[in-house]
Amino acid sequence: MQNGVTVNSVDYRNNHEIIQLLLSRGHVVNHPHPIYCECDDCERRQNTDSLKRSLSRLNAYKALSSPAFMALSSADPITTTFELRQEMMMVAEVEKEFKVSEGQTS
Ligand SMILES: [Zn+2]
């Protein structure tokens, strides 16, 4: 992420102005890697701080699923919403804390 700011790290969901400003400056939400990803970064994060990895994943999905972000970043927000919801439901089967927050993000 540029300038040390991540779209995932700030709670500005549904703040169109802030999201539009960040997107116009080239910031993006880093889409979480698949739940069983075995890349070096995921392996390292899983072995060093799996809770932090899970929270990072949860925050990323919260940002990705916010209506303002969808509207501003997707050419087809309806399809993107359904695809993201399906992905989040699969993750929730593994990462139980997602089930608690699912209602908050839909
Ligand atoms: Zn990975």
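This text follows the structure it describes.
Within each chain, residue numbers correspond to sequence positions counted from 1 in written order. The model is predicted, so local features are restricted to residues of pLDDT at least 70 and side-chain atom pairs to those at 80 or more, both for listing and for counting; the totals for chains, interfaces and linings are taken over all residues.

Peer 1: Quick question: what am I supposed to make of the overall build of the chain here?
Peer 2: Numbered from the N terminus, helices here are DSSP runs of H or I no shorter than four residues, and strands are runs of E no shorter than two. Of the regular secondary structure elements, the chain holds 6 helices and 0 strands. Its helices and strands in sequence order give the chain the pattern α-α-α-α-α-α, from N to C terminus. Backbone-placed C-beta atoms define the burial measure: a residue is buried with 20 or more other C-beta atoms within 10 Å of its own, exposed with 12 or fewer, and partly exposed in between. Here the chain holds 106 residues, and the buried ones make up 15% of them. We call two residues in contact if the C-beta atoms placed from their backbones are at most 7 Å apart. Considering only residue pairs separated by 6 or more positions, the chain has 63% of its internal contacts joining residues 24 or more positions apart.

Peer 1: Hey, could you run me through the environment of leucine 72 in this one?
Peer 2: Among the secondary structure elements, leucine 72 is positioned in helix 4 (residues 67-73). Placed 52 residues apart in sequence, leucine 72 and glutamine 20 show a C-alpha to C-alpha distance of 6.9 Å. Filtering out sequence-adjacent residues up to four positions away, leucine 72 remains in contact with His16, Ile19, Gln20 and Leu23.

Peer 1: Just to check I follow, could you spell out the environment of proline 32 for this structure?
Peer 2: Tracing the backbone shows proline 32 in the loop between helix 1 (16-24) and helix 2 (40-48). Sequence separation of proline 32 and arginine 57 is 25 residues, and the distance between their C-alpha atoms is 5.8 Å.

Peer 1: Sorry, what's going on with the nonpolar core here?
Peer 2: Soluble, globular proteins show a tendency: their nonpolar side chains are buried together. For this analysis, nonpolar core means a set of buried Ala, Val, Leu, Ile, Met, Phe, Trp, Tyr and Cys residues linked through C-beta atoms within 7 Å. Counting residues in each nonpolar core, the largest one holds 9 residues, listed as Ile19, Leu22, Val29, Leu58, Tyr61, Ala63, Leu64, Phe69 and Met88. Residue contributions to this core peak at 4 residues, all from helix 3 (residues 50-64).

Peer 1: Just checking my understanding: could you explain the environment of glutamate 95 for this structure?
Peer 2: Tracing the sequence through the fold places glutamate 95 in the loop between helix 5 (77-94) and helix 6 (97-105). Using a count of 19 C-beta atoms within 10 Å as the deciding quantity, one classes glutamate 95 as partly exposed. Taking C-alpha positions, glutamate 95 is 10.0 Å from leucine 51, a pair spaced 44 residues apart along the chain.

These results come straight from atomic positions and should not be treated as a statement about function.
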